[in-house]
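Understanding the architecture of this molecule
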Amino acid sequence: MTSVVWFRDDLRLTDHAALSAAAQDPDGCVALYVLDEESEGVRPLGGAARWWLHESLVRLADALASYGVPLVLRRGNAETIVPAVAKEAGANGVFWNRRYGAERHIDARIKTALRESGTPVRSFPGSVLFEPWTISTQAGGPYRVYSAFWRACLAMPAPAAPLPQPESIHASRVPVHSDHLDSWALQPSSPNWATGIAQRWTPGEDEGVRRLVRFLDEAATRYVDQRDRPSADVGSELSPYLRWGEISPRTVWQRALASGMDVGKFLSELGWREFARHTAYHHAALHLHGLNQQFDQFPWNQDASEDIAAWRSGETGFPLVDAGMRELWQTGFMHNRVRMVTASFITKNLLVDWRIGEAWFWDTLVDADAASNPFNWQWVAGCGADAAPYFRIFNPVTQQERFDPEGDYTNRWAPDSASRSPLVDLRSSRARALSAYEEIKARA
Ligand SMILES: Cc1cc2nc3c(=O)[nH]c(=O)nc-3n(C[C@H](O)[C@H](O)[C@H](O)COP(=O)(O)OP(=O)(O)OC[C@H]3O[C@@H](n4cnc5c(N)ncnc54)[C@H](O)[C@@H]3O)c2cc1C
């Protein structure tokens, strides 16, 4: 008999409760990853995410190999595959860390099917600091305002200390068939658009920890003052590592506090990640429906294909927007302040449906996250949780003056942008957005 550990968005060995539990099985375990792009509720990965996943699985497989445990790769519907692997391995238990988005319904069905067939399932807290059902308003519902949400989190007992990496893990004696990772063709070949991404990023658990240490040693003291400056290099850039679970939020939390520095602001950003996940738990298909249903009637510009193309390729004539969009395309990443400005520009100045911008980020970000991405797009567009008042339309020119006054960022990524004619007039496009908003308010 043996156990199956089903890895999902938790591609690490440290603070992995399911793995730690399976490691205690003297009969060994099977480490399984399933590429499921077909189950209901699963959003197929974008291009940059597929690149990251490939690299991350290579590193996870290497780390497991050092224990003599192979990583079993399977592709297809998890509801079919997980029970089939459990059967093939003769497993007496299947372990996983919980998911909180729409995928949790898949997990619930698999749990029922396995239990009915006599295979016990154990699930453990997943990639959050506080599980979503533990934080609620006095009325028992989800929070809609971040500050109240985070106060409620901070009033809870502190997150448990992260678990150490298991000292030993035994491999199952029963061989289980695995796909070859290359057969999944997760990485681009011709053209290989990922060279800039590969230059900027090294996926994997080791690098996630290294980045955290570097952030705490070198950047954390400047974080509060400089975090909004895209050229300042003070962000932790941990978002893809957190997205893929190569580092756990509990590890980040604990190490940041142990540093003895003033890390309150940094941890409050982890709070936004948490808020996005809790919101996704309570509201299915966040990428399809605004929390504020008033926006279902929003008169988006239906004839914007040229504007959308210019926004995507960073050819709007607004240097901060263009720099962000080109950085995104080349490296799979964009600074948070610039994400807000570029998202505001397409949804408000170009009046393009936020879902179109969200889908582009989903395809191009290495940290594309099923909760954080639509949550933040809704926040900027004005239809989400804790959404900024609609009249707050980021002006890309004044934002550049404030946050990139010397032009270090814009000159690096889009030196030609200032010489282009602007795609829209900021004043009249702002007025158009405000009157569109008045229109849906009047209809409500
Ligand atoms: C339109 C838009 C889309 C976004 N899409 C994503 C996404 O798909 N995936 C994603 O991880 N983040 C997303 N963000 C949030 C944020 O921009 C990134 O998390 C941040 O830029 C990552 O940089 P960092 O790791 O240096 O962050 P730091 O400033 O070092 O913050 C530490 C961690 O906190 C979390 N965090 C910080 N800000 C936010 C936030 N606003 N919402 C949720 N979590 C946050 C991240 O996990 C981050 O790594 C989006 C923001 C906007 C405005």
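Residues numbered from 1 in each chain as written. Predicted model: local features only at pLDDT ≥ 70, side-chain atom pairs only at ≥ 80, totals over all residues. Heavy atoms only, no water.

Once that is clear, we can look at the overall build of the protein. Helices and strands together make up the secondary structure of the protein, namely 18 helices and five strands. Relative to the globule expectation of 22 Å for 444 residues, the C-alpha radius of gyration of the protein, 23 Å, shows essentially globular dimensions. Over its C-alpha atoms, taken along the principal directions, the protein stretches across nearly 70 × 50 × 45 Å. Counting over 444 residues, the protein shows a buried share of 57%. The long-range fraction of contacts in the protein, counting pairs at least 24 apart against all pairs at least 6 apart in sequence, stands at 81%. Here the protein carries 46 positive and 54 negative side-chain charges, and the mean point of each set is 4 Å from the other. (Helix = DSSP H or I, 4+ residues; strand = E, 2+ residues; numbered from the N terminus. Rg over C-alpha atoms; globule rule 2.2 N^0.38 Å. Buried < 20%, exposed > 50% of the residue type's maximum accessible area, 1.4 Å probe, protein only. Contact = heavy atoms within 4.5 Å. Lys, Arg positive; Asp, Glu negative; His and termini not counted. Charge placed at Lys NZ, Arg CZ, Asp CG, Glu CD.)

This part takes up the site of the ligand. Taken together, 26 residues lie around the ligand, and Tyr223, Ser236, Glu237, Asn336 and Asp367 are the ones closest in. A distance of 3.1 Å separates an oxygen atom of the ligand from a polar atom in the backbone of Asp369. Asn373 places a side-chain nitrogen or oxygen 3.0 Å from a nitrogen atom of the ligand. If you list the elements that add at least two residues to the shell around the ligand, you get helix H8 (239-243), helix H10 (264-282), helix H13 (336-349) and helix H15 (372-381). Broken down by element, the shell around the ligand gets its largest block of residues, five residues, from H10. For the shell around the ligand, the residue count by class is 13 nonpolar, seven polar and six charged. Counting contributing residues per domain, the shell around the ligand is built from domain 2 (128-161 + 203-282) and domain 3 (293-443), each supplying no fewer than three. (Near = heavy atom within 4 Å. Polar contact = N/O pair within 3.5 Å; in protein donor to acceptor, adjacent residues only side chain to side chain. Nonpolar A, V, L, I, M, F, W, Y, C, P; charged D, E, K, R; others polar. Domains from an automatic or database assignment.)

So, on to the sheet that holds strand E3 (residues 71-75). Within a sheet, adjacent strands bond to each other through the backbone by hydrogen bonds, running parallel or antiparallel. One open sheet accounts for five strands, arranged E3-E2-E1-E4-E5; its pairing is parallel. Here the strands that pair on one side only, and so sit at the sheet edges, are E3 and strand E5 (121-124). When strand polarity is set aside, the average angle formed by the axes of neighbouring strands in this sheet is 25°. Relative to E5, strand E4 (residues 91-97) is paired through four bridges, and the arrangement is parallel. Within E5, the position partnered with Val94 by the bridge is Val121. (Pairing = 2+ DSSP bridges. Axes fitted to C-alpha atoms, helices over the stretch in contact; angles between N-to-C directions.)

This part covers unusual backbone geometry. Of note, the bond from Ser190 into Pro191 is cis; its omega dihedral lies within 30 degrees of zero at 0°. Its location among the elements puts Pro191 in the loop between helix H5 (146-154) and helix H6 (195-200). Positioned with a positive phi, Asp233 is a non-glycine residue whose angle comes to about 60°. Positionally, Asp233 belongs in the loop between helix H7 (205-226) and H8. Residue class for Asp233 comes out partly exposed when judged on its relative accessible area of 46%. One non-glycine residue with positive phi stands out, namely Ala285, at about 50°. With respect to the helices and strands, Ala285 occurs in the loop between H10 and helix H11 (305-313).

This brings us to the packing of helix H12 (residues 319-331) against helix H14 (residues 354-364). In contact at an axis separation of 9 Å, H12 and H14 are set at 35° when each is read in the N-to-C sense. Mapping the contact onto sequence places Met325, Leu328 and Trp329 in H12 and Trp360, Phe361 and Thr364 in H14. Along the lines of polarity and charge, the residues of the contact of H12 with H14 split into five nonpolar, one polar and no charged.

Feature annotation in UniProt places "domain: Photolyase/cryptochrome alpha/beta" (unreviewed entry) on residues 1-129, given in this structure's numbering. Summarising residues 1-129: 40% helix, 22% strand, and an end-to-end C-alpha distance of 33 Å. (UniProt positions renumbered as here; feature names shortened; annotations may be inferred.)

Among the six residues in strand E1 (residues 2-7), six count as buried, and that is most of the element. Examined bridge by bridge, E1 and E4 share four bridges and lie parallel to one another. Bridge pairing links Ser3 to Gly93 in E4. Here five bridges tie E1 to strand E2 (residues 29-35), and the two strands are oriented parallel to one another. Pairing of Phe7 across the sheet is with Tyr33, part of E2.

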